[in-house]
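Structural features, examined
Given next are the chains, with one letter for each unit.
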Amino acid sequence: MQKKYKVFKKVKESKLVSSLYLRLEDESKLENFKPGQHLLFKIKPEGQDHVIQRFYSFSEAPELDHYRISVKKELPPKGILNVPSGKGSTFIHNTIQVGDIIEAKGPMGDFFLKTEESEPVVLIAGGIGLTPLLSIVNTIINTNSKQLVTLFLGVTNNSDHIFKGYLDTINKAYNNIQIYTCYTNPLPTDRLGNDFDYEGFVHINFIKSKLPENFKDFYICGPSVMMDYISLELKKIGVSTDTIYTESFGPASVSYTAIEENNSQEKTEIIFSDSGVTVAWDNQFKSIVELAEANNIDISVGCLFGDCGTCMTDLTTGEVEYNHPTMIVPDPGSCLPCSCKPKGSITLNI
């Protein structure tokens, strides 16, 4: 169910990261969430006639009188022309101001702290992937838990080291929390041992050198390439797949494969059979879910990236093509509307 939230504070955390502090517009009590979860926002960027959906993770602990999300403005990939900045994140940064109302659904997501307090956890973040892991860290602090936490954070350098002052403070203040930072491209003024602990990306050898002896679960969030690499390397050293949890940040975390637009004269139609609605496909939409949302057809989603299977829908006629490889393989006769477009007219049982 969509709820309306009022922005009562906006904080610029770094050049590209801003935090929004939210309360319900009607000032009713906020629903509790599990540390690591997120909200699904409905956003209508300026100059666009349809809404888009974006997940943004909580970056604060639950059981407070507000929510906080921290969003990175996604810039076009270097060297790739004609690719705009992220629509959702640009809207958050450039348009949303204190006092504005924004709609979201949730809390939701199955990426959250599951480990018992007696068992150490390892958190591994790439860039803005820190946000759900910071929610976990803040929860451990706020509940006075003595759970051992080892956090590895990979960023470019001091210029995008988000929450640096706060992380330094808790690293010194809590004996049960150890934080290690990796800079891939340190600035001349960045000092090893002071600003960062390792030069390079978050490497498995550095992780192994700092792991506690009785580590239990791993929570990894960041770019897909980073998560795939670390997950594979952890398995190589004997870590069970059941103890590795990952969270994809969806469209902004990957480079989409360009899909050739259908320029034929034949009109492509999407038939939502259960809803009794037929809609013409428009290439302005990134996925079938976006088209459905624009036409008030609700498709349950969990990740917007094909990692969870929540949106799997029966595809009774026609074919689709995917924007990127998905972790979930759709069942025969079905598709993942969050991650695909039609190849021609199709019928969906929804």
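Residues numbered from 1 in each chain as written. Predicted model: local features only at pLDDT ≥ 70, side-chain atom pairs only at ≥ 80, totals over all residues. Heavy atoms only, no water.

**Side note on the overall build of the chain**
- Each helix and strand counted, the chain has six helices and 19 strands in total.
- A compact globule built from 350 residues would reach a C-alpha radius of gyration of about 20 Å, and the chain, at 21 Å, matches this within 12%.
- Referenced to the eigenvectors of the C-alpha coordinate spread, the extents of the chain come out at roughly 65 × 50 × 40 Å.
- Here the chain has roughly 17000 Å² of accessible surface; of this, 48% comes from carbon and sulfur atoms. (Helix = DSSP H or I, 4+ residues; strand = E, 2+ residues; numbered from the N terminus. Rg over C-alpha atoms; globule rule 2.2 N^0.38 Å. Areas by Shrake-Rupley, 256 points an atom, 1.4 Å probe, with all protein chains shown as cover.)

**Examining helix 1 (residues 87-94)**
- With six of eight residues buried, helix 1 lies mostly within the body of the structure.
- Turning to helix 1, its buried residues number three or more, namely Gly88, Ser89, Thr90, Phe91, Ile92 and His93.
- If you follow the buried residues of helix 1, they end up packed against strand 1 (2-12), strand 2 (17-24), strand 3 (38-43), strand 4 (52-57), strand 5 (67-72) and strand 6 (101-108). (Buried < 20%, exposed > 50% of the residue type's maximum accessible area, 1.4 Å probe, protein only. Contact = heavy atoms within 4.5 Å.)

**Description of the packing of aromatic side chains**
- Inspection of the entire model under this criterion finds 16 aromatic pairs.
- Aromatic pair phenylalanine 215 and phenylalanine 218: ring centres 5.3 Å apart, planes at 70°, arrangement edge-to-face.
- Exposure remark for phenylalanine 215: the relative accessible area of 30% places this residue in the partly exposed category.
- By relative accessible area, phenylalanine 218 is classed as buried at 0%.
- Between the aromatic rings of tyrosine 219 and tyrosine 245, the centroid separation amounts to 5.0 Å while the plane-to-plane angle is 20°, which identifies the pairing as stacked. With a gap of 26 residues between them, tyrosine 219 in strand 11 (residues 217-221) and tyrosine 245 in strand 12 (residues 244-247) connect regions that are remote in the sequence.
- On the accessibility criterion, tyrosine 219 (0% relative accessible area) is buried.
- Over the ring of phenylalanine 112 we find lysine 114, and its NZ or CZ is 4.2 Å from the ring centre.
- The residue whose ring lies beneath lysine 114 is tyrosine 245, and the NZ or CZ to ring-centre distance is 4.5 Å. (Phe/Tyr/Trp six-rings, centres within 6.5 Å; stacked < 30°, edge-to-face > 60°. Lys NZ or Arg CZ within 6 Å of the ring centre and 35° of its normal.)

**Details of the confidence of the model for the chain**
- In this model, the chain carries an average pLDDT of 89, and 92% of its residues clear a pLDDT of 70 or more.
- Scored below 50 in pLDDT, residues 79-83 makes two contacts in the model with residues more than four places away or belonging to other chains.
- Note that residues 250-264 has pLDDT below 50 and, in this model, 23 contacts with residues that lie over four places away or in other chains. (pLDDT = per-residue confidence, 0-100.)

**Considering the sheet that holds strand 1**
- Spatially, the six strands line up as an open sheet ordered 4-3-6-1-2-5, and their pairing is antiparallel. Of all strands in the sheet, those bounded by a partner on one side alone are strand 4 and strand 5. Sheet twist, expressed as the mean angle between neighbouring strand axes with direction ignored, is 40°.
- With seven bridges connecting them, strand 1 and strand 2 associate as antiparallel partners. Pairing of valine 11 across the sheet is with serine 19, part of strand 2.
- Taken strand by strand, helix 1 contacts strand 1, strand 2, strand 3, strand 4, strand 5 and strand 6, and its axis lies near 70° from that of strand 4. (Pairing = 2+ DSSP bridges. Axes fitted to C-alpha atoms, helices over the stretch in contact; angles between N-to-C directions.)

**Looking at the sheet that holds strand 7 (residues 121-126)**
- Across the sheet, six strands lie side by side as 10-9-8-7-11-12; this open sheet has parallel pairing. Both outer strands of the open sheet, strand 10 (198-199) and strand 12, are each paired with one neighbouring strand and no more.
- When strand 9 (residues 177-183) meets strand 10, the two strands line up parallel, connected through two bridges. Across the sheet, residue cysteine 182 finds its bridge partner in strand 10, namely tyrosine 198.
- Contacts from helix 2 (residues 130-142) reach strand 7, strand 8 (149-155), strand 9 and strand 11, with the element oriented near 145° to strand 7.

**A look at the environment of glutamine 53**
- Here glutamine 53 lies in strand 4.
- For the pair glutamine 53 and glutamate 290, spaced 237 residues apart in the sequence, the C-alpha separation amounts to 7.2 Å.
- When sequence neighbours within four positions are dropped, the list of residues in contact with glutamine 53 reads Leu40, Phe41, Val289, Glu293 and Leu304.
- For glutamine 53, the side chain forms a polar contact with the side chain of glutamate 293, separated by 3.2 Å. (Polar contact = N/O pair within 3.5 Å; in protein donor to acceptor, adjacent residues only side chain to side chain.)

**Section: the nonpolar core**
- By size, the foremost hydrophobic cluster in this structure holds 28 residues, and its most contacted members are Leu123, Leu130, Leu133, Leu167 and Tyr219.
- Taken together, the elements giving at least two residues each to this core come down to strand 7, helix 2, strand 8, helix 3 (164-173), strand 9 and strand 11.
- Ranked by residues supplied to this core, first place goes to helix 2 with seven residues.
- Excluding anything up to four places from it in sequence, leucine 133 contacts Phe111, Leu123, Ile124, Ala125, Leu151, Tyr219 and Cys221.
- In this structure, Ile270, Phe272, Leu315 and Cys335 belong to the second largest nonpolar core, which totals 26 residues. (Core = buried A, V, L, I, M, F, W, Y, C linked by side-chain atoms within 4.5 Å.)

**Describing helix 5 (residues 224-236)**
- With 13 residues, helix 5 should cover 18 Å at 1.5 Å per step; its first-to-last C-alpha distance of 18 Å lies within 8% of that length.
- Taken together, the buried positions of helix 5 are occupied by Ser224, Met226, Met227, Ile230, Ser231, Glu233 and Leu234.
- Directly after helix 5, the chain includes glycine 238, whose backbone phi takes a positive value near 95°. (Expected span 1.5 Å × (residues − 1).)

**Quick word on the pattern of salt bridges**
- As enumerated under the stated definition, the model contains 10 salt bridges in all.
- Three or more residues joined by partner-sharing salt bridges are found here, namely Lys164, Asp168 and Asp195. (Salt bridge = Lys/Arg side-chain N within 4 Å of Asp/Glu carboxyl O.)

**Concerning unusual backbone geometry**
- Residue proline 107 follows glycine 106 across a cis peptide bond; omega there is 5°.
- One non-glycine residue with positive phi stands out, namely glutamate 63, at about 65°.

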